[in-house]
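# Structural features, examined
What follows is the residue order along each chain.
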Amino acid sequence: MSKVALVTAASKGMGLACVRELHKNGYDLGIMARSESIETIGEKFNAVTVRGSVTSKNDLKRLVDSSMGRYGRIDLVVNNTGHPAKGPLLNITEEEWHQGLDLVLLNVVKMASLVVPIMENQGSGAFVNISTFAAFEPSLSFPVSSSLRAALGGFTKMFSDKYANKNIRMNNILPGYIDSYEIGQDTMEIIPMRRAGTTTEVAKTVAFLGSDDASYITGQNIRVDGGLTRSV
């Protein structure tokens with residue numbers, strides 16, 4: 001029986017790279033994104049496809065229910081999202097902070113509430129959340145993301161404390177500067193590897209953390225940043 005993975009924000013960038021890598025590894029897929037292009041991607045990979053937003057529990061439920069209807073199980077959830085608001089720290093509106101909360105933290109909470117009962121019945125499962133290097137080295141360039149993805153790190157640790165003994169794991173990936181968007185030369189100079197990471201490198205790390213090879217890894221924040229962050 002094939003394993004089943006759900007991937008959100010799957011129409012481009014790291015999300016689409018995860019779809020490609022997991023399909024290559026033999027997973028059946030359920031995918032979601034707001035873009036119309038998700039329908040074409042779903043056809044290409046023979047995936048359950050939902051057009052919707054990670055901020056909507058109803059949309060997430062449609063993805064979970066449709067995938068269960070076709071496959072009858074869910075082994076891996078890849079929680080990927082777009083980017084929250086940026087700007088001068090105190091110019092970010094309260095509405096933008098609340099939108100960021102929905103986008104990068106509550107999306108994971110909502111998805112977990114839908115999928116954990118399924119994984120408990122199966123006796124196993126894994127979540128991989130795509131976060132950011134700025135979660136633990138906060139950056140004024142990414143104030144909402146830095147703040148709320150630090151909170152995601154706390155949630156992930158508490159989740160692992162609660163569910164590790166049920167063989168349900170959750171880990172975060174902290175990408176640095178990735179080639180899904182243009183990286184300036186000044187930025188390249190501060191990366192020890194002197195290059196951007198690739199979406200494929202992120203996707204391969206996702207696939208590893210979702211696999212049985214990572215069965216003793218939970219509650220962790222795995223940096224995929226070319227040595228960018230300085231904390232140890």
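The text that follows walks through the structure, step by step, so that each part is easy to find. (Residues numbered from 1 in each chain as written. Predicted model: local features only at pLDDT ≥ 70, side-chain atom pairs only at ≥ 80, totals over all residues. Heavy atoms only, no water.)

## Considering the packing of helix H4 (residues 94-122) against helix H5 (residues 143-163)
Under the convention used in this document: Only the stretch in contact is used when fitting a helix axis, every axis being a line fitted to C-alpha atoms; angles between N-to-C directions are given from 0 to 180 degrees. Secondary structure counts use DSSP, requiring at least four H or I residues in a row for a helix and at least two E residues in a row for a strand, with both numbered from the N terminus. Roughly parallel means an angle under 35 degrees; roughly antiparallel means over 145; roughly perpendicular covers 65 to 115; every other angle is labelled oblique. Working rule for handedness: look at the near helix, and if it is turned counterclockwise from the far one by less than a right angle, call the crossing left-handed; if clockwise, right-handed. Only heavy atoms enter the contact rule, under which two residues are in contact if any of them lie within 4.5 Å.
In contact at an axis separation of 9 Å, H4 and H5 are set at 20 degrees when each is read in the N-to-C sense. Viewed along their axes, H4 and H5 adopt a mutual orientation that is roughly parallel. Two packed elements cross with a definite hand, and for H4 against H5 that hand is right-handed. Here H4 contributes Trp-97, Gly-100, Leu-101, Val-104, Leu-105, Val-108, Val-109, Ala-112, Val-116 and Glu-120 to the contact with H5, which in turn contributes Pro-143, Val-144, Ser-147, Leu-148, Arg-149, Ala-151, Leu-152, Phe-155, Phe-159 and Tyr-163.

## Focus: a nonpolar patch on the surface
For the record, the criterion: Residues qualify for a patch when their relative accessible area is over 30% and they have no salt bridge, like charges being joined within 9 Å and the nonpolar side chains of Val, Leu, Ile, Met, Phe, Trp and Tyr within 5 Å. The Shrake-Rupley method, run with a 1.4 Å probe, gives the accessible areas here. Residue values count only the displayed protein chains as cover. Here a salt bridge means any side-chain nitrogen of Lys or Arg lying within 4 Å of a carboxyl oxygen belonging to Asp or Glu.
The grouping of Leu-89, Leu-90 and Leu-140 at the surface amounts to a nonpolar patch, some 380 Å² of accessible area in total. The residue Leu-89 is located in the loop between strand E4 (76-79) and H4 in this model.

## Remarks on the pairing of strand E6 (residues 168-175)
This is how it is decided: Throughout, exposure labels follow a simple rule: accessible area from a 1.4 Å probe, protein chains only, divided by the maximum for the residue type, with under 20% read as buried, over 50% as exposed, and the rest as partly exposed. Any two strands between which DSSP finds at least two bridges are classified as paired. Here, the term right-handed applies to a crossover whose path from the first strand over the helix to the second runs clockwise when the strands point away from the viewer.
By the criterion of burial, E6 is predominantly enclosed, with eight of the eight residues buried. Judged from the six bridges that link them, strand E5 (residues 125-130) and E6 form a sheet pairing that is parallel. Bridging across to E6, Ala-126 finds its partner in Arg-169. Note on the crossover from E5 through H5 to E6: the handedness is right-handed. One ladder, built from four bridges, connects E6 with strand E7 (residues 221-224); its direction is parallel. Directly across from Ile-173, in E7, lies its bridge partner Ile-222.

## Digging into the sheet that holds E5
Two pairing modes exist for strands in a sheet, parallel and antiparallel, and in both the strands are linked by backbone hydrogen bonds. Strand order in this open sheet of seven strands is E3-E2-E1-E4-E5-E6-E7, and the pairing throughout is parallel. Strands with a single pairing partner mark the edges of an open sheet, and in this sheet they are strand E3 (48-51) and E7. Here the average twist between neighbouring strands, direction ignored, is 15 degrees. As defined by bridge partners, strand E1 (residues 4-7) adjoins strand E2 (residues 28-33) across four bridges and the pair is classed as parallel. Across the sheet, Val-4 pairs through a bridge with Asp-28, a residue of E2. Helix H1 (residues 13-24) rests against E1, E2, E4, E5 and E6 of the sheet, and its axis sits at about 170 degrees to E1.

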